[in-house]
Amino acid sequence: MELTKNQNIGELVATDYRTAQVFKNHHIDFCCHGNRSIEEACREKNLDAENVLQELKKAQENTSSGGPDFRSWPLDLLADYVEKKHHRYVEQQIPVLKEYLAKIEQVHGDKHSELEEIQNLFNETAGELSAHMKKEELILFPLIRKLVANKPEEKETAKASVANPIQKMMEEHDTEGARFQKIAELSGNYTPPADACNTYRTAFALLKEFEDDLHEHIHLENNILFPEAMELEKERSKQFA
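Since we're looking at a predicted model, the values are computed, not measured.

(A) Fine view of the nonpolar core. Counting residues in hydrophobic clusters, the biggest one holds 45 residues, and the most contacted among them are Phe-23, Ile-38, Phe-122, Leu-207 and Phe-210. Once residues within four sequence positions are removed from consideration, Phe-23 is found in contact with Ile-9, Leu-12, Val-13, Ile-28, Phe-30, Ile-38 and Leu-56. The next biggest cluster of nonpolar side chains, apart from the first, holds 20 residues, and it includes Leu-78, Ile-144, Met-169 and Leu-232.

Set out below in structure tokens:
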């Protein structure tokens, strides 16, 4: 792909995940707000688009693996992957992080008042993201799997539209992206203060890891799974017309 400043950042990362690290380094959101050009994203961050473009080209020249080509995967397999890798990770890490954050807020909260807000924000994420994932697992992903199966006997069921649940899921992604952006700001991009104990440092490291996983999670859905499911639905609707 010949890179230009007009390249859509979400599509770029979907095509070559090696470029994601460049956007991460500059705190450019390629998952929830991937529908922007490189130039637009750089303008918002007061960055030189030409310099970022060169960084992206250098990342593409890296001969190490850029990870799986998710765009080549069948949509039902991609839905399974998101569920088994990212949903399970979230489920496992939420109780761990809640315990760590409660502990450091109790011990260090008098000197670092931001810890209370960080804890409250993460607790909101814990509840809303858990409900969000269940809606995907029980409603949206089964619809996508039926679209892929395309069984004649399930013709009427397959007509159920993925458009509305996808729109709802993307709105909720925006909410979580904004919430974690606030957590990142409050924590100085997960930089523990000089007086931080090991538990404090571990909590911030786990928060950073959680955010990185969330970005990849949302990227796979917003930039690959959801648009391709919408396109597949259009194809199926023509068959059933």
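Past the structure itself, the notes keep going.
(B) Structural context of helix H8 (residues 163-186). Compared with the 34 Å implied by 1.5 Å per residue over 24 residues, the 35 Å span of H8 between its first and last C-alpha is a close match. Among the residues of H8, Pro-165, Ile-166, Met-169, Glu-172, His-173, Glu-176, Gly-177, Arg-179, Phe-180, Ile-183 and Ala-184 are the ones counted as buried. Trailing H8 by a residue or two, Gly-188 shows a phi angle of about 60 degrees, which is positive.

(C) Geometry of the packing of helix H5 (residues 75-108) against helix H6 (residues 114-149). Between H5 and H6, the least distance of the axes is 10 Å, while the angle of their chain directions is 165 degrees. Comparing the axis directions of H5 and H6 gives the class roughly antiparallel. Pair H5 / H6 crosses with left-handed handedness.

(D) Representation of the environment of Asn-51. Looking at the element boundaries, Asn-51 is found in helix H4 (residues 49-61). Assessed through its relative accessible area of 47%, Asn-51 is described here as partly exposed. It is 33 Å that separates the C-alpha atoms of Asn-51 and Trp-73, two residues lying 22 residues apart in sequence.

(E) Region of the structure containing the pattern of salt bridges. Inspection of every chain in the model, using the stated rule, returns 13 salt bridges. Note that Glu-137 and Lys-134 form a salt bridge whose closest N and O atoms lie 3.4 Å from each other. Separated by 3 residues within a single helix, Glu-137 and Lys-134 lie in helix H6, roughly one turn from each other. Judged by relative accessible area, Glu-137 falls into the buried class, the value being 15%. Lys-168 is the salt-bridge partner of Glu-172, the closest N and O atoms lying 3.9 Å from each other. With Glu-172 and Lys-168 both in helix H8 and 4 residues apart, this pair spans about one turn of that helix.

(F) How the structure looks around the packing of aromatic side chains. As enumerated under the stated definition, the model contains 10 aromatic pairs in all. Ring geometry for Phe-180 and Phe-210: centres 5.5 Å apart, planes at 15 degrees, overall stacked. Within this pair, whereas Phe-180 is found in helix H8, its partner Phe-210 is found in helix H9 (residues 198-240), the two being separated by 30 residues in sequence. Across the pair, Phe-210 and Phe-180 agree in class, each one buried.

What counts as what
Residues numbered from 1 in each chain as written. Predicted model: local features only at pLDDT ≥ 70, side-chain atom pairs only at ≥ 80, totals over all residues. Heavy atoms only, no water. Core = buried A, V, L, I, M, F, W, Y, C linked by side-chain atoms within 4.5 Å. Buried < 20%, exposed > 50% of the residue type's maximum accessible area, 1.4 Å probe, protein only. Contact = heavy atoms within 4.5 Å. Helix = DSSP H or I, 4+ residues; strand = E, 2+ residues; numbered from the N terminus. Expected span 1.5 Å × (residues − 1). Axes fitted to C-alpha atoms, helices over the stretch in contact; angles between N-to-C directions. Parallel < 35°, antiparallel > 145°, perpendicular 65-115°, else oblique. Left-handed = near helix turned anticlockwise from the far one by under 90°. Salt bridge = Lys/Arg side-chain N within 4 Å of Asp/Glu carboxyl O. Phe/Tyr/Trp six-rings, centres within 6.5 Å; stacked < 30°, edge-to-face > 60°.

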